[in-house]
Amino acid sequence: MTEPIKTDVVIVGAGPIGLFAVFELGLLDMKCHLVDILDKIGGQCAELYPEKPIYDIPGVPYTTAHGLVDALLQQTKPFNPQFHLGEMVESVEKIGDPLFRVKTDQGTEFECKIVVIAAGGGSFQPKRPPIPGIEPYEGKSVFYAVRKMETFRGKRVLIVGGGDSALDWTLNLAPLASHLTLLHRRSEFRASPDSVNKMMALVGEGKIDFVLGQVTSLSGSDGQIAKATVKTNEASTYEIACDALLPFFGLTMKLGPVANWGFELKNNELIPVNTESFETSVPGIFAIGDINWYPGKLKLILSGFHEGALMAQKAARYVFPEKRLVFQYTTSSTSLQKKLGVAPERPAAAPQRAAAPAS
Ligand SMILES: Cc1cc2nc3c(=O)[nH]c(=O)nc-3n(C[C@H](O)[C@H](O)[C@H](O)COP(=O)(O)OP(=O)(O)OC[C@H]3O[C@@H](n4cnc5c(N)ncnc54)[C@H](O)[C@@H]3O)c2cc1C
């Protein structure tokens, strides 16, 4: 058994609000680990609308969702947050006052003083394809994400879908697989044209197969798939021998394990918090961003930023109970500027803002 990772704060969710929380907690000297089920940073901004414009970030008249995530990530850099992507937080257990044990579905374990739930609308989870009897193969030879490419070396791989994930993994796994087939129900793709062109080039070179049709059933034993039956668009049926099936049918947001962490949820999906510190009914566990509820809540990014700032003030009182909090501005505090790694323009000037533990 590996030792738990000990840290001040575990943030559940690496969306925009989890990212800004790293900054506010960092200014007050708290170290963060972030866990996200997605294999990328940015939550809804990265997964649902990366190229769409955003016009209501204070002081930023125009950015894209992708641009915002990049800027937030840049802002967290001085605090060196640790990311655990492709992992879902399954349990949060209170083991002290406050001290928590947090476990992920990949076996990572943390011991932390503060838990910040920034889980948005819940965890992004893959949509299951409509193939009867797929369940026994899931996690054994049917995979909805590629965690380690090596798993597929020398295997006969069948990839299903027409979006970016299906095409990206087709291109990445083609050199490793002993044989690779891409199956899609139509000849139009939602993936980037460049990926489609590269895939077609591999087909042209005879390195992979591309088939139009849909999987109707699977056969195999003990969770190990042996072949997939495919109905082509011409209504003929044939079989593709394969060792692994990778269906990429998109993602859906589900509240997921958060529902089992003992909170009395508002409308079965939101965690009630107070508006002084955005703390939940459990001292030391905070909920910020789209996942929380309080009277007047607006699911806007700017609301989550404000919530993160107030959350950090209260969190610091738990993590540094002996320290006096001093309100400081980043503009004028040499101590905050030192943490940010920026050179102060002139010696420290009063007045000060945002509380930071006085050392
Ligand atoms: C199309 C669209 C346009 C939008 N435009 C705007 C706009 O213009 N302005 C604006 O202010 N807002 C906009 N929003 C809303 C905005 O995107 C959300 O308010 C914001 O993303 C909330 O951020 P968050 O960090 O709270 O949650 P999210 O962005 O949802 O991130 C939460 C993350 O937590 C992860 N997670 C959840 N549970 C777990 C778990 N158990 N383990 C591990 N990871 C977990 C999820 O996978 C996800 O990545 C828009 C939303 C959409 C869909």
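Residues numbered from 1 in each chain as written. Predicted model: local features only at pLDDT ≥ 70, side-chain atom pairs only at ≥ 80, totals over all residues. Heavy atoms only, no water.

Undergrad: Would you explain the overall build of the chain in this entry?
TA: Secondary structure summary: the chain contains 7 helices and 21 strands in total. If you line up the chain on its principal axes, its C-alpha atoms span 75 × 40 × 40 Å. Residues counted as buried form 48% of the 359 residues belonging to the chain. Here the contacts in the chain between residues at least 6 apart in sequence split such that 59% fall between residues at least 24 apart. In the chain, the 36 positive side-chain charges and the 38 negative ones have mean positions that sit 2 Å from each other. (Helix = DSSP H or I, 4+ residues; strand = E, 2+ residues; numbered from the N terminus. Buried < 20%, exposed > 50% of the residue type's maximum accessible area, 1.4 Å probe, protein only. Contact = heavy atoms within 4.5 Å. Lys, Arg positive; Asp, Glu negative; His and termini not counted. Charge placed at Lys NZ, Arg CZ, Asp CG, Glu CD.)

Undergrad: Sorry, what's going on with the side chain of S277 here?
TA: Here S277 lies in the loop between β17 (271-272) and β18 (285-287). When residues no more than four places from it in sequence are discounted, the contact partners of S277 are F286, L310, M311 and K314.

Undergrad: Any chance you could explain the site of the ligand here in plain terms?
TA: Around the ligand, a shell composed of 31 residues is seen, among which D36, Y49, V89, D290 and I301 lie nearest. With respect to the ligand, the backbone of I37 contributes an N or O atom lying 3.2 Å from a nitrogen atom. Note that a nitrogen atom of the ligand is positioned 2.8 Å from one of the backbone N or O atoms of V89. Considering the ligand on its own, with 1,000 Å² of exposed area, one finds that the protein chains cover 87% of that surface. Among the elements of the structure, α1 (16-27), β2 (32-36), α2 (43-47) and β9 (123-126) are those that each provide at least two residues to the shell around the ligand. For the shell around the ligand, the per-class residue count stands at 17 nonpolar, 9 polar and 5 charged. (Near = heavy atom within 4 Å. Polar contact = N/O pair within 3.5 Å; in protein donor to acceptor, adjacent residues only side chain to side chain. Areas by Shrake-Rupley, 256 points an atom, 1.4 Å probe, with all protein chains shown as cover. Nonpolar A, V, L, I, M, F, W, Y, C, P; charged D, E, K, R; others polar.)

Undergrad: Before we go on, may I ask you to explain the sheet that holds strand β11 (residues 179-184) in this structure?
TA: The pairing of strands in a sheet comes from backbone hydrogen bonds and takes either a parallel or an antiparallel form. With mixed pairing, the 6 strands of this open sheet are ordered in space as β14-β13-β12-β11-β10-β15. Edge strands, defined here as strands with exactly one partner in the open sheet, are β14 (237-241) and β15 (244-247). Each adjacent strand pair in this sheet contributes to an overall mean axis angle of 35°, direction not counted. As paired strands, strand β12 (residues 209-221) and strand β13 (residues 224-232) are joined by 8 bridges and run antiparallel to one another. In the sheet register, V215 faces β13, and the bridge partner there is V230. (Pairing = 2+ DSSP bridges. Axes fitted to C-alpha atoms, helices over the stretch in contact; angles between N-to-C directions.)

Undergrad: Help me understand the packing of aromatic side chains, please; the structure alone is not making it clear to me.
TA: Aromatic ring pairs are defined here through the distance separating the ring centres and the angle between the ring planes. Under the defined criterion, the tally for this structure stands at 9 aromatic pairs. Both rings, one in F20 and one in F305, keep their centres 4.8 Å apart while their planes meet at 45°; by these two values the pair is tilted. Residue F20 is found in helix α1, and its partner F305 is found in helix α6 (residues 301-319); the two are separated by 285 residues along the sequence. We classify F305 as buried; its relative accessible area is 13%. (Phe/Tyr/Trp six-rings, centres within 6.5 Å; stacked < 30°, edge-to-face > 60°.)

Undergrad: Would you mind going over the layout of surface pockets with me for this structure?
TA: If a probe the size of a water molecule is rolled over the atoms, the empty space left behind becomes visible. What the largest pocket holds in volume is close to 1,600 Å³. Counting residues per element, the ones that place at least two in the lining of the largest pocket are α2, β9 and α4 (164-173). Looking at which element gives the most residues to the lining of the largest pocket, the answer is α4, with 5 residues. Of the residues that constitute the lining of the largest pocket, the class distribution is 22 nonpolar, 8 polar and 12 charged. Within this model, the second largest pocket holds a volume of roughly 480 Å³. As for the second largest pocket, its lining consists of 37 residues, of which Q44, A118, A119, G120 and G121 are closest to the centre. Those elements giving two or more residues to the lining of the second largest pocket turn out to be α1, β2, α2 and β9. When residues in the lining of the second largest pocket are grouped by element, the largest group, 3 residues, is from α2. Taken together, the residues that form the lining of the second largest pocket break down as 23 nonpolar, 9 polar and 5 charged. (1 Å grid on protein atoms, 1.4 Å probe; cavity = no way out; pocket = protein on both sides within 12 Å on 5 of 7 lines; lining within 4 Å. Points joined across faces, edges and corners; volume = space filled by probe spheres on them.)

Undergrad: Looking at this model, I keep getting lost on the environment of G223. Mind explaining?
TA: Locating G223 in the fold gives a position in the loop between β12 and β13. Under the relative-accessibility criterion, G223 is labelled buried at 7%. Expressed as a C-alpha distance, the spacing of G223 and A118, which sit 105 residues apart in the sequence, is 35 Å. In this view, G223 contacts P136, Y137, K140 and S141; residues no more than four positions away in its chain are not counted.

Undergrad: Before we go on, may I ask you to explain the nonpolar core in this structure?
TA: Grouped together as the largest cluster of nonpolar side chains are 64 residues, with contacts concentrated most on I11, L25, M30, V115 and I117. Examining the composition of this core, we find that 8 residues originate from one element, α1, more than from any other. Core analysis: the next-biggest nonpolar cluster, separate from the first, contains 22 residues, L167, A174, A191 and A244 among them. (Core = buried A, V, L, I, M, F, W, Y, C linked by side-chain atoms within 4.5 Å.)

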